[in-house]
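Each chain, letter by letter, is given below.
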Amino acid sequence: GEDVEQSLFLSVREGDSSVINCTYTDSSSTYLYWYKQEPGAGLQLLTYIFSNMDMKQDQRLTVLLNKKDKHLSLRIADTQTGDSAIYFCALSDSWGKLQFGAGTQVVVTP
Amino acid sequence: GAVVSQHPSWVICKSGTSVKIECRSLDFQATTMFWYRQFPKQSLMLMATSNEGSKATYEQGVEKDKFLINHASLTLSTLTVTSAHPEDSSFYICSARDPTGENTEAFFGQGTRLTVV
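First, a word on what this report is: a plain description of the structure on this page. (Residues numbered from 1 in each chain as written. Chains lettered and ligands numbered in written order. Predicted model: local features only at pLDDT ≥ 70, side-chain atom pairs only at ≥ 80, totals over all residues. Heavy atoms only, no water.)

### Details of the overall build of chain A
- Along its length, chain A carries zero helices and eleven strands.
- Listed N to C, the secondary structure of chain A is β-β-β-β-β-β-β-β-β-β-β in terms of helices and strands.
- In terms of overall dimensions, chain A has a C-alpha envelope of 40 × 30 × 25 Å along the principal axes.
- Here chain A holds 110 residues, and 41% of them are scored as buried.
- Long-range pairs, those at least 24 residues apart, make up 52% of the contacts in chain A between residues at least 6 apart in sequence.
- A total of about 5500 Å² of accessible surface is found on chain A, and carbon and sulfur atoms cover 49% of it. (Helix = DSSP H or I, 4+ residues; strand = E, 2+ residues; numbered from the N terminus. Buried < 20%, exposed > 50% of the residue type's maximum accessible area, 1.4 Å probe, protein only. Contact = heavy atoms within 4.5 Å. Areas by Shrake-Rupley, 256 points an atom, 1.4 Å probe, with all protein chains shown as cover.)

Have a look at this one:
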């Protein structure tokens, strides 16, 4: 299987919370990232977590890291229509080289 | 924050011609830059690691003679797609890390959409 796996699609109603999951195989990563990509655009860093942390909260975003299960999640509280995009989890080595998941397309419905 | 600028943002070229894409770090020096390729509705795949002053390191399956990378200065890396074919049409994105930054955030360029006709 792939080294970094994500579910491909998530539909959520406006105002609800979104949870995007990511599993990985390489436990040596230093930083784990969540990126957002809107149609035709580049990547926007949303948040990141250092590998020795379990949780990080940044406004509407909460990142949870379970190192034992090699599971990373991103929770978006009060999801808005502007949150519709593709979300990528990515793992970084110490040089900054990133390994990406396939991306989860989030669709926010009214 | 640190910014990486990529140019052009889109380009259309004829089959058989070559196309150069530039990636610049605007307010920091990047000894290492990375080039990724993204196919429609797919993830980003690392193509190569660009090292200032030395040869690039290519990922398995990436043709080094087709995708020429030059990292002649600490703020500029270029990717040249030589003898482009329609199957080279893709979204190319570069990234660079600010080694003096507080974390190892990788900053991305805006991406270049290449269409070969």
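### Looking at the packing of aromatic side chains
- Enumeration according to the criterion identifies 13 aromatic pairs over all chains in this entry.
- Ring geometry for Phe28(B) and Phe107(B): centres 6.2 Å apart, planes at 50°, overall tilted. Placement of Phe28(B) in the loop between strand E3 (19–25) and strand E4 (32–38) and of Phe107(B) in strand E10 (residues 106–108) is noted, with a sequence separation of 79 residues between them. Across the pair, Phe107(B) and Phe28(B) agree in class, each one buried.
- Taken together, the ring pairs in this structure connect Tyr31(A), Tyr33(A), Tyr35(A), Tyr48(A), Phe50(A), Phe88(A), Phe100(A), Tyr36(B) and Phe108(B) into an aromatic cluster. (Phe/Tyr/Trp six-rings, centres within 6.5 Å; stacked < 30°, edge-to-face > 60°.)

### With respect to the state of the cysteines
- The full count for this structure, using the stated rule, is two disulfides over all chains.
- In this model Cys22(A) forms its disulfide with Cys89(A); the gap between the sulfur atoms is 1.9 Å. With the S-S bond torsion at 60°, the cross-link from Cys22(A) to Cys89(A) turns out right-handed. You can see Cys22(A) sitting in strand E3 (residues 18–24) and its partner Cys89(A) sitting in strand E9 (residues 85–92), a full 67 residues away along the chain.
- Take Cys22(A): its relative accessible area is 0%, and that puts it in the buried class.
- The thiol of Cys13(B) is not disulfide-bonded; the next cysteine sulfur, from Cys94(B), is found 18 Å away. (Disulfide = S-S within 2.5 Å.)

### A short note on the side chain of Ser90(B)
- Mapping Ser90(B) onto the fold places it in strand E9 (residues 90–97).
- Non-local contacts of Ser90(B), meaning those with residues more than four positions away in its chain, are made with Arg37(B), Gln38(B), Phe39(B), Thr112(B), Arg113(B) and Leu114(B).

### Overview of the environment of Val4(B)
Residues and elements named next belong to chain B.
- Among the secondary structure elements, Val 4 is positioned in strand E1 (residues 4–7).
- Overall, Val 4 belongs to the buried group, its relative accessible area being 4%.
- Sequence separation of Val 4 and Thr 75 is 71 residues, and the distance between their C-alpha atoms is 9.2 Å.
- Ignoring sequence-local partners within four residues, the contact set of Val 4 consists of Cys 23, Arg 24, Phe 28, Cys 94, Ala 96, Phe 107, Phe 108, Gly 109 and Gln 110.

### Structural notes on the sheet that holds strand E8 (residues 76–81) of chain B
Residue and element names in this part refer to chain B.
- Within the open sheet, the four strands sit side by side as E1-E3-E8-E7. Their pairing is antiparallel. The outermost strands of the open sheet, each flanked by one partner alone, are E1 and strand E7 (67–73). Shown here is a sheet whose adjacent strand axes are inclined to one another by a mean of 15°, direction ignored.
- When E7 meets E8, the two strands line up antiparallel, connected through five bridges. Among the inter-strand pairings, Leu 68 is bridged to a residue of E8, identified as Thr 80. (Pairing = 2+ DSSP bridges. Axes fitted to C-alpha atoms, helices over the stretch in contact; angles between N-to-C directions.)

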